[in-house]
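Okay, here's what each chain looks like letter by letter:
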Amino acid sequence: MTAITTNPPSRAGRAFRRLAHHPSLLIGSGIVLLMVLIAIFAPLIAPHDPYVQDISRRAVPPVWYEKGTWENILGTDQLGRDYLSRLIYGTRVSLLIGFSVVAISGLIGTTLGLLAGYFGGKVDTFVTFIVTVRLAMPVILVALAVVALFGGSMWVVITVLGLLKWDRFAVVVRSTTQQIRALDYIASARTAGASTAWILLREVLPNIAPQLIVIATIEVASAILMEAALSFLGLGVQPPLPSWGLMISEAKSYMFFSFWLIAIPGTALATLVFAINLAGDGLRDMITPERS
Amino acid sequence: MLKPLLSVRDLRVDLNTRSGVLHAVRGISFDVAPGETLCIVGESGCGKSMTSLALMDLLPRVARRSADEITFDGQDLTRRRIAGKLRGRRMAMIFQEPMTALNPAFTIGDQMVEAYLYHVGGTRAQAVDRAAQMLEKVGIGSARSRLGQYPHQLSGGLRQRVMIAMALMTDPELLIADEPTTALDVTIQAQILRLLKDLQQELGLAIILITHDLGLVSRIADRIVVMYAGAIVEEGTAAEIFDRPAHPYTRALIDCIPQPGKTERGAPLGTIPGVVPLLIGRQDGCAFRDRCSLAQPRCADDIPTQDAGSHHWVCIHGGQA
Amino acid sequence: MLIYILKRLGLALIVALTVSVIAFALLRASGDIATALAGEGATPESIAVIRQTYGLDRPVVVQYFAWLWDVARGDFGQSFFFRTDVAGLIFGKIGNTLILGGASLAIALALSIPLGVLAAIYSGSMIDRAVTMFSLLGQALPSFFLGLALIMIFAIRLRWFPASGTDGWRNFVLPAVTLGYYITPPFMRLVRAGMIDALNTDYVRTARAKGLPARRVVFKHALRNALVPVVGLVAVQLGLLMGGSVVVESIFALDGLGYLAYQSISYRDFPVLQAVVLLLSLAYVVLTLLSDIINAWLDPRLRAA
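Fair warning: this is a prediction, and the values are worked out from it, not measured in the lab.

**A look at the side chain of Glu227(A)**
Residue and element names in this part refer to chain A.
Thought 1: Tracing the chain through its elements places Glu227 in helix α10 (residues 196–232).
Thought 2: Here Glu227 is buried and forms no salt bridge, its nearest opposite-charge partner Arg86 lying at an N-O distance of 11 Å.
Thought 3: Separated by 2.7 Å, the side chains of Glu227 and Ser231 make a polar contact.
Thought 4: If near-sequence neighbours (up to four positions away) are discounted, Glu227 is found in contact with Val93, Ser94, Ile97, Val157, Leu161, Val237 and Ser243.

The following block contains the structure:
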């Protein structure tokens, strides 16, 4: 055999090549990244102020309709606000809520899962019980009720969804931690006298990180959809904030005449969630070694 | 020799892998006569299991089969329709893992009668009678009540007996047994082997036994095919192979068999040093030469097949070299 | 087995009670119900009257146990808004939600089983990819958007089905399609993964070796085993189904439990809301138990345990 010397590919190069093998991850994360950029630079991109009403220009159709104008590319809503600008600002609401909810629920779920999986015994029994209680609670109803009682605002929505949606994190982290705990190097770290907190944070957590990232993507998508559903039902984000779910809700009574008022934010919502799930799927394929 | 029951000419099995095409079986040819036991022996990875799966058309999806000829009783097995009629009817197969080869969700009886009803027909009651009869034939007592049991309620040895009984339901002429005793305890192994031998005599069954265990082969084989790296390196009657092994690989395999009286208690069992070559890409010359004590430079060239009657081997050395 | 079931039933009860405590605490912590009930501009006197009528002047713990005691006797109290018996109210609407849920589940299974099997048989092919895309799309389409789109197409343009109401079976078609497609993706993924595993098992190879036709191998030997986890998912999906039914029933103005729950939240009709929450959490735990029992029945290896 002749040994062929090659330069080991750089870390970034390797990561990129792996990415290229997973087109769904590439496409999904590409769209998400684009949406994030749109959200960040919304004030620069949006052609109009999303809150300014113009009663004389109500429900102008998008530019591809006969009566559409380039002034309002996606038309205006029933209050004469520029629809494209509202759509762009709506990206902010969706993404902010999606990521904030997962930050809270991920923290709660991971902590519970780590404790249950690592300590087992009574701790595990207790955590399993509260997970069951949580699963038995109808999330939408509880979320709707809380928003109805405490008043709708973005922060109430984020808090209530964050406090409700930690179950998947807890379940997966618990079982993964159980598996990792049984491994040799954790046992040797224990006998070497490492503190529990150190073991959990430095040994266990990095090892469950891939699964955590996959769940997090699924949960971001789910939180975005849930916020949209709450806002659609009138018990989420409150007007005049441009949330896509709220935009659909506000357009509901006009749907017979101007269905695009519903189709545009609906498509945006579906595209964002689709892209996040696509990226999540690709990530899962990438981190789980092939079956065959 | 009688008109062969099964004829195989230039059988090849290729598997697509990430690192290239793996030639698991590299153009092998052999015959099986009615009522005879042919043993295909070799180390794991030599292509013997792939050969048996190829005959039954059970290869995994990544594998491709090609052959100049595969005929069963004169009928072309490479044609799907013909193979479909023969498989499970006139040729049957049993596998290595009796623990997983039976479906956990259905009773023994259900799984035994289904192929019979499909191929032979008749009423369910007739099929159940036949199943009970077959279970008794393979030495399972209280057969009727066993039919209502699920696989997990039986031991490994019993399950392999059930597998054999199930294979015999349609009264096949050929039974392909892929390592049928490897997963079993030694005492059970002997029982199953004895059973196969008895059934063969009683039913006039031809058997292809795939195994890595030459000790097993010595007790049952009429003829033996030795495979190495996807190719046949030696073929002959049991007497020829055991008394006058011609290929160095065959001799090395025979030396690995522990022999009562000769092999010292606790002494390490013989092993063949080195590893099986990679099966990806072409193989020029003798594939065994890297592990062979008799290797010479010309082993890298084309190797002629030598014959002595029914005894063939692929090696540059003569019979008793 | 019996002891196991009893134990699980006990746990189910404790879980449902815990949920009801949380729900109760949440509702009472949210401010003064009496003030809310009396409406704007009510005099302090009328608020006091309301407080006394509904027993809201007692400590919260006392209120909870009083409520629990009533519930134990089958009395869910009076609806603030509808001014009728809560039990009767729920009983009158639960049928519609069960029909909707059953129809949606049937649609989801009718879609996911054949598509999942197809994707598994041809895994890695274009068919597989198309099925995966279809399922990802189902996950991404908000049910209210899909519902409104279906109304636009099939109720307004084509006039095949009514847009709202609860008059006959036609009213259930569009909601059931909306909700069914919404819960299809998880089933499809599970069927696909289970079938890929099952098709690679030794017992499927045995079935093929027996010369059985491909249909029988796939549908009898592989599918039977691949469907075992699907039963478990049905119970877990109930939550999703219920959440979805709140949204879907309000879009289509379908007179079911989800719509009632939504109304009870809008009108601060706490007795109704509490009863619905308790009922749903009970249903969840009981269904999970039921799915475990069915699983044991489907998988003979678990039956003895």
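**Focus on helix α4 (residues 124–137) of chain B**
Residues and elements named next belong to chain B.
Thought 1: Given a rise of 1.5 Å per residue, 14 residues ought to cover 20 Å, and the 20 Å separating the end C-alpha atoms of α4 matches this to within 8%.
Thought 2: Along α4, the positions that sit buried rather than exposed are Ala127, Arg130, Ala131, Ala132, Met134 and Leu135.
Thought 3: For α4, the secondary structure elements touched by its buried residues are α3 (108–119), α5 (143–147) and α6 (156–168).

**What about the sheet that holds strand β10 (residues 223–228) of chain B?**
All names here are of chain B.
Thought 1: Judged by pairing direction, the sheet is mixed, and its eight strands sit side by side in the order β7-β8-β9-β3-β10-β11-β13-β12 without closing on themselves. Two strands close off the open sheet at either side, each with one partner strand: β7 (91–94) and β12 (305–308). For this sheet the average axis-to-axis angle between neighbouring strands, irrespective of direction, equals 15°.
Thought 2: Note: strand β11 (residues 231–237) against strand β13 (residues 311–314), two bridges, orientation antiparallel. Its bridge partner lying in β13, Glu235 is registered against His312.
Thought 3: Running over the sheet, helix α1 (residues 48–56) touches β3 (37–41), β7, β8 (174–178), β9 (206–211) and β10 and is turned about 140° from β7.

**Digging into the interface of chain A and chain C**
Thought 1: Chain A puts 41 residues into the contact, and the matching count from chain C is 43 residues.
Thought 2: Roughly 3600 Å² of surface becomes buried between chain A and chain C when both sides are summed, with 83% attributable to carbon and sulfur atoms.
Thought 3: Between the two partners, chain A and chain C, sit one salt bridge.
Thought 4: If you look at where chain A meets chain C, you find three residue pairs in polar contact (both at pLDDT 80 or more).
Thought 5: Looking at the side of chain A that touches chain C, the elements with two or more residues in it are α5 (121–136), α6 (139–150), α10, α11 (244–251) and α12 (260–287) of chain A.
Thought 6: Here the side of chain A that touches chain C takes twelve residues from α12(A), the largest share from any one element.
Thought 7: Considering only residue class, the side of chain A that touches chain C consists of 32 nonpolar, five polar and four charged.

**Some details on the packing of aromatic side chains**
Thought 1: Evaluation of the coordinates by the stated rule reveals 14 aromatic pairs over all chains.
Thought 2: When the centroid spacing of 3.8 Å and the interplanar angle of 10° are considered together, the rings of Phe81(C) and Tyr267(C) count as stacked. Of this pair, Phe81(C) sits in the loop between α4 (60–72) and α5 (86–121) while Tyr267(C) sits in the loop between α12 (257–266) and α13 (270–298), placing them 186 residues apart in sequence.
Thought 3: Judged by its relative accessible area of 38%, Phe81(C) falls in the partly exposed class.
Thought 4: Residue classification places Tyr267(C) among the partly exposed positions, given a relative accessible area of 40%.
Thought 5: Pairing Phe154(C) with Trp160(C) gives two aromatic rings, centres 5.7 Å apart and planes at 40°, and the pair type is tilted.
Thought 6: Of the residues examined, Phe154(C) reaches a relative accessible area of 23% and is grouped as partly exposed.
Thought 7: On the basis of relative accessible area, Trp160(C) is assigned to the partly exposed category, the value being 48%.
Thought 8: Grouped by ring-pair contacts, the aromatic residues Phe24(C), Tyr64(C), Phe65(C) and Trp67(C) constitute a single cluster.
Thought 9: Note that Lys252(A) overlies the ring of Phe232(A), its terminal NZ or CZ placed 4.9 Å from the centroid.
Thought 10: Its guanidinium or amino end placed over the ring of Phe82(C), Lys93(C) lies 5.5 Å from that ring's centre, counting from NZ or CZ.

**Focus: the domain arrangement of chain C**
Residue and element names in this part refer to chain C.
Thought 1: What the domain assignment reports for chain C is domain 1 (1–88 + 270–305) and domain 2 (94–255).
Thought 2: On the domain 2 side, the residues contacting the ten residues of domain 1 number nine residues.
Thought 3: Together domain 1 and domain 2 conceal approximately 910 Å² of surface at their shared face, both sides included; 76% is due to carbon and sulfur atoms.
Thought 4: Our enumeration of links across domain 1 and domain 2 arrives at zero salt bridges.
Thought 5: Where domain 1 packs against domain 2, one counts zero residue pairs in polar contact (both at pLDDT 80 or more).
Thought 6: Residues belonging to the side of domain 1 that touches domain 2 are distributed by class as follows: seven nonpolar, three polar and no charged.

Rules used in this analysis
Residues numbered from 1 in each chain as written. Chains lettered and ligands numbered in written order. Predicted model: local features only at pLDDT ≥ 70, side-chain atom pairs only at ≥ 80, totals over all residues. Heavy atoms only, no water. Helix = DSSP H or I, 4+ residues; strand = E, 2+ residues; numbered from the N terminus. Buried < 20%, exposed > 50% of the residue type's maximum accessible area, 1.4 Å probe, protein only. Lys, Arg positive; Asp, Glu negative; His and termini not counted. Salt bridge = Lys/Arg side-chain N within 4 Å of Asp/Glu carboxyl O. Polar contact = N/O pair within 3.5 Å; in protein donor to acceptor, adjacent residues only side chain to side chain. Contact = heavy atoms within 4.5 Å. Expected span 1.5 Å × (residues − 1). Pairing = 2+ DSSP bridges. Axes fitted to C-alpha atoms, helices over the stretch in contact; angles between N-to-C directions. Buried area = accessible area lost by both parts, 1.4 Å probe. Nonpolar A, V, L, I, M, F, W, Y, C, P; charged D, E, K, R; others polar. Phe/Tyr/Trp six-rings, centres within 6.5 Å; stacked < 30°, edge-to-face > 60°. Lys NZ or Arg CZ within 6 Å of the ring centre and 35° of its normal. Domains from an automatic or database assignment.

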